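Observations on the three-dimensional arrangement
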Amino acid sequence: MAQRVIYTLPEGDVTVSGGGQLSGINQGDGSHLVGRDITLNSTAWESVTIDEADGDTGFGDSDNSQNLAGPITYDGESYGAGRRVEAEFSFTVEDPDGNTYDIVAFNINEPGVTSYATVEGLAFVGGPGGFPPAGVPLRVIAAQEGPNVAYDSLATPICFVAGGRVATPTGPRAVEEIGAGDLVLTRDAGAQPVLWAGRMFLPAAALAERPDFAPIRVARGAFGSDAPHRDVWLSPQHRVLVTGWRAELYAGADEVLVPVKKLVGQPGITADWAGGDVTYVHLLLDHHALLDADGLIAESLLPAAATGVDADLVRAFAVARAMPAARPVVCGPAAALLRPAYSGVEVGAMSMGRFKSASSCALNAAIG
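Residues numbered from 1 in each chain as written. Predicted model: local features only at pLDDT ≥ 70, side-chain atom pairs only at ≥ 80, totals over all residues. Heavy atoms only, no water.

With that settled, consider unusual backbone geometry. Negative phi is the rule for most residues except glycine; trans is the rule for most peptide bonds. Looking along the chain, the bond that leaves Ala227 and enters Pro228 is cis, with omega of 0°. Even without being glycine, Asp75 reaches a positive phi, approximately 55°. Structurally, Asp75 can be placed in the loop between strand E7 (72-74) and strand E8 (77-79). A positive phi angle, near 55°, is found at Asp294, a position not held by glycine. Structurally, the position occupied by Asp294 is in the loop between strand E26 (290-293) and strand E27 (296-299). (Helix = DSSP H or I, 4+ residues; strand = E, 2+ residues; numbered from the N terminus.)

For the rest of this paragraph, the subject is the sheet that holds strand E9 (residues 85-94). Overall, antiparallel pairing links the nine strands, which are arranged E2-E3-E12-E9-E10-E11-E1-E4-E6 in an open sheet. Every other strand in the sheet has two partners, leaving strand E2 (14-16) and strand E6 (67-68) as the edge strands with one partner each. Where strand E1 (residues 2-10) lies against strand E11 (residues 121-124), three bridges are found, and the strand directions are antiparallel. Across the sheet, Thr8 pairs through a bridge with Ala123, a residue of E11. (Pairing = 2+ DSSP bridges.)

Let's shift gears to the nonpolar core. Formed by 35 residues in total, the largest nonpolar core has its most connected members in Ile38, Leu40, Phe91, Leu122 and Phe124. Those residues in contact with Phe91 that sit more than four places away from it in its chain are Leu33, Ile38, Tyr101, Asp102, Ile103, Leu122, Val140, Ala142, Ala143 and Gln144. Formed by 30 residues, the second largest nonpolar core is a distinct cluster that contains Val194, Val260, Val281 and Leu291. (Core = buried A, V, L, I, M, F, W, Y, C linked by side-chain atoms within 4.5 Å. Buried < 20%, exposed > 50% of the residue type's maximum accessible area, 1.4 Å probe, protein only. Contact = heavy atoms within 4.5 Å.)

Oppositely charged side chains can pair when the atoms bearing their charge come close. One pass over the full model with this rule turns up 12 salt bridges. Put simply, Arg327 and Asp188 hold a salt bridge, and the shortest N to O gap is 2.9 Å. In this pair, Arg327 is assigned in the loop between helix H3 (317-321) and strand E28 (329-330) and Asp188 in the loop between strand E17 (183-186) and strand E18 (190-193), connecting sequence segments 139 residues apart. The partner of Arg327 in a salt bridge is Glu255, with the nearest N and O atoms 2.7 Å apart. Separated by 72 residues along the polypeptide, Arg327 in the loop between H3 and E28 and Glu255 in strand E23 (residues 255-259) bring together distant segments of the chain. In this pair, the class of Arg327 matches that of Glu255, namely buried. Here the salt bridges do not stand alone but share partners, grouping Arg187, Asp188, Glu255 and Arg327 into one network. (Salt bridge = Lys/Arg side-chain N within 4 Å of Asp/Glu carboxyl O.)

Below, the discussion takes up the packing of aromatic side chains. Following the criterion strictly, the structure yields six aromatic pairs and no others. Ring centres of Tyr74 and Phe106 lie 5.5 Å apart, and the angle between their planes is 65°; this geometry places the pair in the edge-to-face category. Of this pair, Tyr74 sits in strand E7 while Phe106 sits in strand E10 (residues 100-108); the two residues are 32 residues apart in sequence, bridging distant segments of the chain. Residues Tyr74 and Phe106 agree in their burial class; the two are buried. Between Phe89 and Phe91 the ring centres are 6.1 Å apart and the planes differ by 45°, which places this aromatic pair in the tilted class. Three or more aromatic residues joined by ring pairs form one cluster here, namely Phe59, Tyr74, Phe106 and Tyr151. (Phe/Tyr/Trp six-rings, centres within 6.5 Å; stacked < 30°, edge-to-face > 60°.)

So, in structure tokens, the structure goes:
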């Protein structure tokens, strides 16, 4: 038996236009949503750990081997360990900018209820950071019954690891202690308030099964003398600031942002998580910012590339959707050409089209 982790949004955090609902009631193909708008009202992505048959790499419909690994409370309801879960149907949405996203209807089977009659939440196809934008209408343009979606393709968040420290006006502070309204120091604008802070827990068993979700270690001094000051752990897709003459020569920019996993294999940057549970923490500001994490310059949450914000911050979505990346982003196959040096990490991105929008980078990074 293997364990898989998927990130979902409960139905209570989703609005369907025209008074509609996610549940199909008398059918399970999603056709009742076509032509309607859905809105994601929260970034409270809930991780669900699933017991899965060894060797099964897909989250599918009508699969008796997919069961809750333990008891959970989901959208206010309690469910016992062993309850079967399914990808009831999938559908495609289009945002106001014309970008499309694939979404999976997440179903927890309930005794005495036809399995396809209810949908408890949504999961998202898109790989690391590949969530659709929240707080905007997403028009459903197609629906499909009987999906079988690769676990590797499902969206996961981009975060700091609890235990790391972020610079604030009063000194370094553990990232898990920072909340909405607290000030953090940014590279470009000084002290700025956090709009929202979120957490995501991954158990050791899930990380053992999916080591690609495990944190990346940036060792003390990997980016130069005392940078960072001590070992820093980040989620694989968390982007860090890299600089140097190669960035200027090949990318036409003094500074760029690069997913830390693309630097693995360079001195001091390793994927060697020793096991155990991990809690990921993400920080949202009113602009995409560069933060000091124990001397390593790393990004704050960029909603267009990763997640939205929670329901209390829907008012910020208009700002979040228009939020530009703090620096040009190198991603996909181009990022694999990175070569660090010890006057800071220097970037060589020797390909045409080396910079992409942050949102497309999230998709490319999932396959690049």
